[in-house]
Every structure is written in C-alpha cells, then in structure tokens.
Amino acid sequence: MAHALPLRPAARLRRLPPVLAVVAVVALLALPLGPDGGGGAHPADAVSALVVLYGVLRLVRDRRRPLTRRAAAVLGLPVLGLAVAAAGAASPGAGLEGLGRYLQVFVLVPAAVLLLLRDRDDARLLAWATVMLAVWQGAVGVHQYVTATGASYQGEPIRAVGTFGAQDVMGMATVVSLGLVCALGLALGRTPVRHRLLAAGCALALLLPLAVSFSRGAWIATAVTCAAQLLLAGPRRALAVGAAVLAAGVVLVGGLGVGTAMLQERVGSITQVTDAPDQSVTDRYTMWAAAAGMWRERPLTGVGLKGFPEYRDSHASLALSSGSETDGAGAGYQRQPLLSPHNMYLLVLAEQGLLGLVALAGSWLALLVLGLRRLRAARRGGGGLDCGLIACGLLVWQLTDFAYADIGGPSTVLTAVCFGLAAWWALGSTTGGRAAAG
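Small disclaimer: the values here were computed from a predicted structure and weren't measured.

Draft legend 1. Summary view of the pattern of salt bridges. Evaluated as defined, the whole model comprises five salt bridges. Two residues, Lys-306 and Glu-97, come together in a salt bridge whose shortest N-O distance is 3.9 Å. Here Glu-97 lies in helix α5 (residues 92-116) and Lys-306 lies in the loop between α13 (279-297) and α14 (308-315), a separation of 209 residues in the sequence. Linked through salt bridges whose partners overlap, the residues forming this network are Asp-121, Arg-124 and Asp-386.

Draft legend 2. Spatial organisation of the pairing of strand β2 (residues 156-159). Bridging between strand β1 (residues 151-153) and β2 involves two bridges; their strand directions are antiparallel. Its bridge partner lying in β2, Ala-151 is registered against Arg-159. In textbook terms, the turn of a hairpin is the stretch between consecutive antiparallel strands, and for β1 and β2 this stretch comprises two residues, one of which, Gln-154, has a positive phi near 55°.

Draft legend 3. Just unusual backbone geometry, in detail. The phi dihedral of Ala-148 is positive, around 55°, even though this residue is not glycine. Turning to its location among the elements, Ala-148 is positioned in the loop between α6 (120-147) and β1. Of note in this structure, Lys-306 is not a glycine but carries a positive phi near 65°.

Draft legend 4. Spatial organisation of the environment of Ala-211. Looking at the element boundaries, Ala-211 is found in helix α9 (residues 207-211). Here the alpha-carbon distance between Ala-211 and Val-142, two residues 69 residues apart in the chain, equals 9.5 Å.

Draft legend 5. Representation of the nonpolar core. Residues Tyr-102, Phe-106, Leu-126, Met-344, Leu-414 and Leu-427 are the most contacted members of the largest nonpolar core, which totals 112 residues. With 14 residues, the top contributor of residues to this core is helix α15 (residues 344-382).

Draft legend 6. Looking closely at a nonpolar patch on the surface. On the surface, a nonpolar cluster with roughly 230 Å² of combined accessible area is contributed by Leu-16, Leu-20 and Leu-125. Tracing the backbone shows Leu-16 in the loop between α1 (9-15) and α2 (19-28). Relative accessible area serves as the criterion here: at 41%, Leu-16 is assigned to the partly exposed category.

Draft legend 7. Up close: the side chain of His-42. If you trace the backbone, His-42 turns up in the loop between α2 and α3 (43-62). The class of His-42 is buried, set by a relative accessible area of 3%. Setting aside anything within four residues of it in sequence, one finds His-42 in contact with Leu-28, Leu-29, Leu-31, Leu-33 and Pro-410.

Draft legend 8. Just α6, in detail. Here α6 spans 40 Å end to end across 28 residues, near enough to the 40 Å set by a 1.5 Å rise per residue. Backbone nitrogen of Asp-121 and a side-chain oxygen of the N-cap are separated by 3.2 Å at the start of α6; the cap is Asp-119. Among the residues trailing α6, Ala-148 stands out with phi positive, at a value near 55°.

Draft legend 9. Representation of the packing of α6 against helix α8 (residues 193-205). Two numbers describe how α6 lies on α8: the axes approach to 11 Å, and their chain directions differ by 35°. Here α6 runs over α8; the crossing is left-handed. The residues of α8 that touch α6, namely those facing Trp-128, Val-131, Met-132 and Val-135, are His-195, Leu-198, Ala-199 and Cys-202. Looking at the contact of α6 with α8 residue by residue, the class counts come to seven nonpolar, one polar and no charged.

Draft legend 10. How the structure looks around the packing of aromatic side chains. Following the criterion strictly, the structure yields 12 aromatic pairs and no others. Ring geometry for Tyr-345 against Trp-364: centres 6.1 Å apart, planes inclined by 70°, an arrangement best described as edge-to-face. Since its relative accessible area comes to 26%, Tyr-345 is described here as partly exposed. Pairing Trp-364 with Phe-419 gives two aromatic rings, centres 5.9 Å apart and planes at 35°, and the pair type is tilted. Of this pair, Trp-364 sits in helix α15 while Phe-419 sits in helix α17 (residues 412-427), and the two are 55 residues apart along the sequence. A relative accessible area of 4% means that Phe-419 is categorised as buried. The structure contains a cluster of three or more aromatic residues connected by ring pairs, namely Tyr-102, Phe-106, Tyr-345, Trp-364, Phe-402 and Phe-419. Above the ring of Trp-424, the side-chain terminus of Arg-374 is found at 5.7 Å from the ring centroid. Across the ring face of Trp-425, the terminal group of Arg-374 is positioned such that the distance to the ring centre comes to 4.2 Å.

Conventions adopted
Residues numbered from 1 in each chain as written. Predicted model: local features only at pLDDT ≥ 70, side-chain atom pairs only at ≥ 80, totals over all residues. Heavy atoms only, no water. Salt bridge = Lys/Arg side-chain N within 4 Å of Asp/Glu carboxyl O. Helix = DSSP H or I, 4+ residues; strand = E, 2+ residues; numbered from the N terminus. Pairing = 2+ DSSP bridges. Core = buried A, V, L, I, M, F, W, Y, C linked by side-chain atoms within 4.5 Å. Buried < 20%, exposed > 50% of the residue type's maximum accessible area, 1.4 Å probe, protein only. Patch = residues over 30% accessible without salt bridge, like charges linked within 9 Å, V, L, I, M, F, W, Y side chains within 5 Å. Areas by Shrake-Rupley, 256 points an atom, 1.4 Å probe, with all protein chains shown as cover. Contact = heavy atoms within 4.5 Å. Expected span 1.5 Å × (residues − 1). Polar contact = N/O pair within 3.5 Å; in protein donor to acceptor, adjacent residues only side chain to side chain. Axes fitted to C-alpha atoms, helices over the stretch in contact; angles between N-to-C directions. Left-handed = near helix turned anticlockwise from the far one by under 90°. Nonpolar A, V, L, I, M, F, W, Y, C, P; charged D, E, K, R; others polar. Phe/Tyr/Trp six-rings, centres within 6.5 Å; stacked < 30°, edge-to-face > 60°. Lys NZ or Arg CZ within 6 Å of the ring centre and 35° of its normal.

Right, here's the structure in full:
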C-alpha cells in the first residue's frame, strides 16, 4: 500500500493562498512606530513592493495573461497624467519620488491585489484582516483616551492615535474607519449567522475609537459610506442595522460618557465653516485656495509632482499659520509644516492639472460604476453580496475622505489595498478569478 510522501517546505509554501502576502501588508500596520513617527517608509510599504514583485513572479511562473484590456485601461489610466506631471516637476528627484508613490497607491499595489485574490473567500479573509487591524488600533486608541496618554488635543493628551503617533493623527482614524466599513459589509452579507453577528459586534465596538479620534473628515466619510452600504443592502437590513447603531450611540453617549464637551464641540464645528472657524479650518481653506491658484496658473498640467510645498507661499494668504502643532503619544512637542492642501482632488489639480485629475478621477469613477453594477447583480442572487458591499464601501469611503485628506503617512498603503479590493470586485470577474459560493 502506497503512502503519501510529506510535502516539502517549498511545496507547502506554494499551496498557501497568495492573498496571505496582501494580508501581511495589513498586519504590519499593527507595528508601533518610533517616537518620531517612523522617520521614513513604514515596513508595510516595503512589503507592498514585495507583493507587487510576487504578483509578477506568479504571472511569469503560471504563464498567465496579466490583465484584461478593461482592467489594464482602468488601472493604467492615471499613468498618463502622472508621467506628464513627473516630467514637469521642479527636480528629477522630486518627480521620481512622487511618481513612485502615486504608482504604488493607485496602480501597482491595486493591480497586484487584483491578481492575487482568487475568490470571495480570499476577499473575506482580507476584509477580516482589516477588521482585526482596526480593532487592535482602536483598542490602543481607547486606552490612550482613557489614560490621557494620547496625542494632544486642545491642550489635553486625549486624542486617540493608536500606534501611529502624534505625527500621523489621521492614521488610526483611517484604519478604524476602513475596518468599520469592512465589518458592516460582512454583517450585511449572506454568510453564516455567527460570522455576521461577530462582524456586527466589531462594527459597533469600532464606533468608540472612531469617536475619540476627533477626526471630522473620518466621521463624515464613515457616515456617508455606512448609509450607502445600508441602502445598497436593502431597506429591511438598513432598518435593523440602523436601529442597532442608534442604540449603540445612546449607550456610548449616555451610558459610557463618551459625549464629553470636547467631543460635542468637535461635532458642532463640522458646520462652523464661516462662523468663527478654528485655526485648523482656516488653514485648510487657505491651502485649498492656494491649490486652486496653482491650478489657474497652469490649468492643463499643474505645477508638477511634489510641487505644492514649493509654490504654496506664493499663492497662500497671510491667514495661513506657519505649521500644525503635535505633542503627546510618546513624542515631544513638534511643529509640522503644512505641505499639502488636505484635499486629494485639489492636490491632484494643483500638481497634475486637469489632465491628471481627469485620468485619476476617471479611473476611480470607472471602478465605482463597474463595482455598483456587479453589486446589483449580487443582490439579485449572483452571490458575494458582502464582498460587493465591502469593495464598494471602501471605494466610497476613500472618495469621500479625499475631500478632506490626501495620501501620506503609513496608513496610505492600506488605501492602496482598498483600491485593489475594489478593483478585484469591479474587474476581477473577467480576469480568471474563481467564484466562490455565498
């Protein structure tokens, strides 16, 4: 009687799902940064480059066609505007640096994720990895808030920033928001009940760290996205989950005392854009005006990649402060220069002009339209409703948040993964990915 020989280590490695390489990128974002905020590229950025290389090697080994024409066109569309903007940069070094970052976030990593995700089970695994990362970062953030060891906010060290530090106050808010979107999508799907209950519990638990992040942009983007997910899932599910969220809000605000005066003031400041805005709002609108001025100067191609800091002072008014102040969360007082308009659309318009904005936004819009079309089919019984809600939700969150933020910081690599998941859902049905049950 023949006995099966044990698999060699190399053979075992080949049998592991390729998506684990992408999961490793997400997991590395749980690592704490140094007191200076990392001082350079995050380990997750380095691993994301290896993920791209791994995807290429798999294509060569399996002799597969890289992408369909539609996928190549949608994901490759931004390259045109980026190449022109890189050529128009103030220096070759700045142009190459900016080109590499944009290609990483919007082209290469999304394409690698599209190729490495085989089926819906892989997509769910990646979504759960994002939820677990959000739960970890949220737990660290809530501890910072409760023990007053977070980043400084209005003179008190209570702002939850997770392991990202005071130099990246948006990092934890971004991760928690994206994890909440993934958890809600999983809860609204048609997977086993215990999985949906666990996902719903995670979504409710993530509301607390999101609240104490004091990030208005993340609040707005999350509210818009969750409302869209509920509507796309159907009115019956929307009512049930909406009631649960309302109950959780009552418990958080009334029972746990989360509704502090500072939090209420922060919520109220969302609508105070003209009536005595705070300095951060003034700086934001001043930089938006500066970005618009750069675009009017060079409307077609912009001032070049990485050009906003160089042209900022010549286009900004005297209302702009010299920088933002950061303190706490294990780091000392620092003053950070304001080097971007905190609006992705205006940043692209200023540095890449209409050509770059049409190319980038056109790629994002194509992903959204194709994703929503496939989600409609999933609602009619095509399967994978949870995957569609996650992918479309992540894309909606990013496109909404881009009105208040731009790329930068360690959490940007998670943005690239999210675009990859959205690309897999919108384009993956014609790239050889297997359909899984459910």
